[in-house]
Amino acid sequence: MSATSSTQRKFSILKWAQHKKKRIPITVMTAYDYTSAKLVDRAEIDAILVGDSVNMVVLGHDSTMSLTMDEMLHHCRAVSRGASRPFLIGDMPFMSYNVDLRETVRNAGRFLKEGGMDAVKVEGGQRTAETIRAIVQAGIPVMGHIGLTPQTTSQLGGFRVQGRTAKKAYQLVQDALAVQEAGCFAVVVESVPAVLADYISQLLDIPTIGIGAGSSCDGQVLVFHDALGIFDDFQPKFVKHFAHIGEGITAGLSDYAAEVRQRTFPTEDHTYTMKDEAWAELLGILEKEK
Ligand code: KIV
C-alpha cells in the first residue's frame, strides 16, 4: 500500500495531545508548494508548516518581514493541494496579527477559508497572549512560537540563541506558560539551550516543537530547504542536511545543458513522430504554393 493511500488517516488536532501523552515524537517540516507538500506527505511526516521562511528560502529576501498575507495564502493553497494527510499550519506574516484584534481574527480566518490550512502560527509569548486568545475564541487552532522569533530579530539583535541568562530563561518559561494558557495546541521553541527546552517541555501540557532546542522537545521542525541541503546562503548550527539535493539538482542541470549543447538530448525516446504519408502530403501542399 502506498504511503499516500487514502486509508491513511489525517493527522488531526487531537493527535497533538495524544502524541504528547504517549511520548511519541511529532514530526513537522516546512513546505511552500504543491510538489514539496506531496513529498512531505509521502514521507509520512505528521504536519506541514507553511512557514514565513518562504520569504527567504524561496523568494530570496534577507528576512521574513516583507511577506504579505496574499503571498502567504498563495503558497498555502499550493501546499493544501499537495498534502492530504499532514496537519497544515500557516504562518501569519509580520503585521498581519499585530495591529488590532478584529483584523487579526479576519486574517487568521483567511488561512482556513482561502488557504486550506488547519491552523495558524503566531510568534511571541506573553506579548501575544491576548491575540492568541482572540484567534482561538474564533474557533481557529493556534500554534505558538517562542524563543528566537524571526519577525522580531531587530528587537532581539539578530538571529541569536535566546534564554541563556537566568533572567531571560525565566521570561521564556513565562512565555511558554502564557501561550499555553491562551489556548495554543502546541508551541515552537526556537534556538534556546537544550536544558531550558527540556524544562519547558516537561512543564507544559501542550507539545513543544523544537528547532535548535535539543532533543527533549515533543517534536521537531526544520525548514525543507535546510533539511535537504538546497539552501546554502547560511547554515545555523541546528541544521542537519539529511540529503544533498542542491548538489544533485546542479549536477542534473549541468548534464542537461551539456547534452543540449552536444545535441545528444533529445533522443528518439523523447521525440514525437509523424506518418510518412502526412509528411509527403505537407511537402506537396507547400510545393504547390511556391
Ligand atoms: O517560518 C518558519 O519556517 C518557521 C520555522 C523555522 C519554525 O517559523
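Quantities reported herein were computed from a predicted structural model and do not represent experimental measurements. (Residues numbered from 1 in each chain as written. Predicted model: local features only at pLDDT ≥ 70, side-chain atom pairs only at ≥ 80, totals over all residues. Heavy atoms only, no water.)

A. Molecular detail of the packing of aromatic side chains. Under the counting rule described, the total for this entry stands at six aromatic pairs. Taken together, a centroid distance of 5.7 Å and an interplanar angle of 80° make the contact between Phe-11 and Trp-16 edge-to-face. Considered together, Phe-11 and Trp-16 belong to a single accessibility category, that of buried residues. Measuring from ring centre to ring centre gives 5.6 Å for Phe-231 and Phe-234, while their planes differ by 90°; the resulting arrangement is edge-to-face. A connected cluster of aromatic rings, assembled from ring pairs, spans Phe-11, Trp-16, Phe-87 and Phe-185. (Phe/Tyr/Trp six-rings, centres within 6.5 Å; stacked < 30°, edge-to-face > 60°. Buried < 20%, exposed > 50% of the residue type's maximum accessible area, 1.4 Å probe, protein only.)

B. Quick look at the site of the ligand. Every residue lining the ligand is accounted for by Thr-30, Leu-49, Gly-51, Asp-52, Ser-53, Asp-91, Lys-121, His-145, Val-188, Ile-211 and Val-223. The contact in question runs from an oxygen atom of the ligand to an N or O atom on the side chain of Asp-52, over 2.9 Å. Here Asp-91 contributes a side-chain N or O atom positioned 3.2 Å from an oxygen atom of the ligand. Out of a free accessible area of 260 Å², the ligand has 95% covered by protein chains. Among the residues forming the shell around the ligand, the class breakdown is four nonpolar, four polar and three charged. (Near = heavy atom within 4 Å. Polar contact = N/O pair within 3.5 Å; in protein donor to acceptor, adjacent residues only side chain to side chain. Areas by Shrake-Rupley, 256 points an atom, 1.4 Å probe, with all protein chains shown as cover. Nonpolar A, V, L, I, M, F, W, Y, C, P; charged D, E, K, R; others polar.)

C. Layout of the confidence of the model for the chain. Mean pLDDT for the chain: 95, with 98% of residues reaching 70 or above. Predicted confidence is poor over residues 1-6, with pLDDT under 50, and the contacts of this stretch with residues over four places away or in other chains come to six contacts. (pLDDT = per-residue confidence, 0-100. Contact = heavy atoms within 4.5 Å.)

D. Expanded view of the packing of helix 2 (residues 34-42) against helix 4 (residues 69-82). Where helix 2 contacts helix 4, the axes come no closer than 7 Å and their chain directions differ by 40°. If you check the angle between helix 2 and helix 4, you find them oblique. Crossing angle aside, the handedness with which helix 2 passes helix 4 is right-handed. For the pair formed by helix 2 and helix 4, the contact residues are Tyr-34, Ala-37, Lys-38 and Asp-41 on the first element and Ala-78, Val-79, Arg-81 and Gly-82 on the second. Residue classes in the contact of helix 2 with helix 4 are distributed as four nonpolar, one polar and three charged. (Axes fitted to C-alpha atoms, helices over the stretch in contact; angles between N-to-C directions. Helix = DSSP H or I, 4+ residues; strand = E, 2+ residues; numbered from the N terminus. Parallel < 35°, antiparallel > 145°, perpendicular 65-115°, else oblique. Left-handed = near helix turned anticlockwise from the far one by under 90°.)

E. Quick peek at the sheet that holds strand 8 (residues 219-222). With respect to topology, eight strands assemble into a closed barrel ordered 1-2-3-4-5-6-7-8, the strand pairing being parallel. The average undirected angle you get between the axes of adjacent strands in this sheet is 25°. The pairing of strand 5 (residues 142-147) with strand 6 (residues 186-190) spans five bridges and is parallel. Across the sheet, the residue bridging to His-145 is Val-188, located in strand 6. (Pairing = 2+ DSSP bridges.)

F. Region of the structure containing the nonpolar core. Residues Trp-16, Ile-48, Ile-89 and Phe-111 are the most contacted members of the largest nonpolar core, which totals 69 residues. Of all the elements, helix 8 (residues 166-182) adds the most residues to this core, at six residues. Contact partners of Ile-48, with chain neighbours within four places excluded, come to Met-29, Thr-30, Ala-31, Ala-37, Val-40, Val-79, Ala-83, Pro-86, Phe-87, Leu-88 and Ile-89. (Core = buried A, V, L, I, M, F, W, Y, C linked by side-chain atoms within 4.5 Å.)

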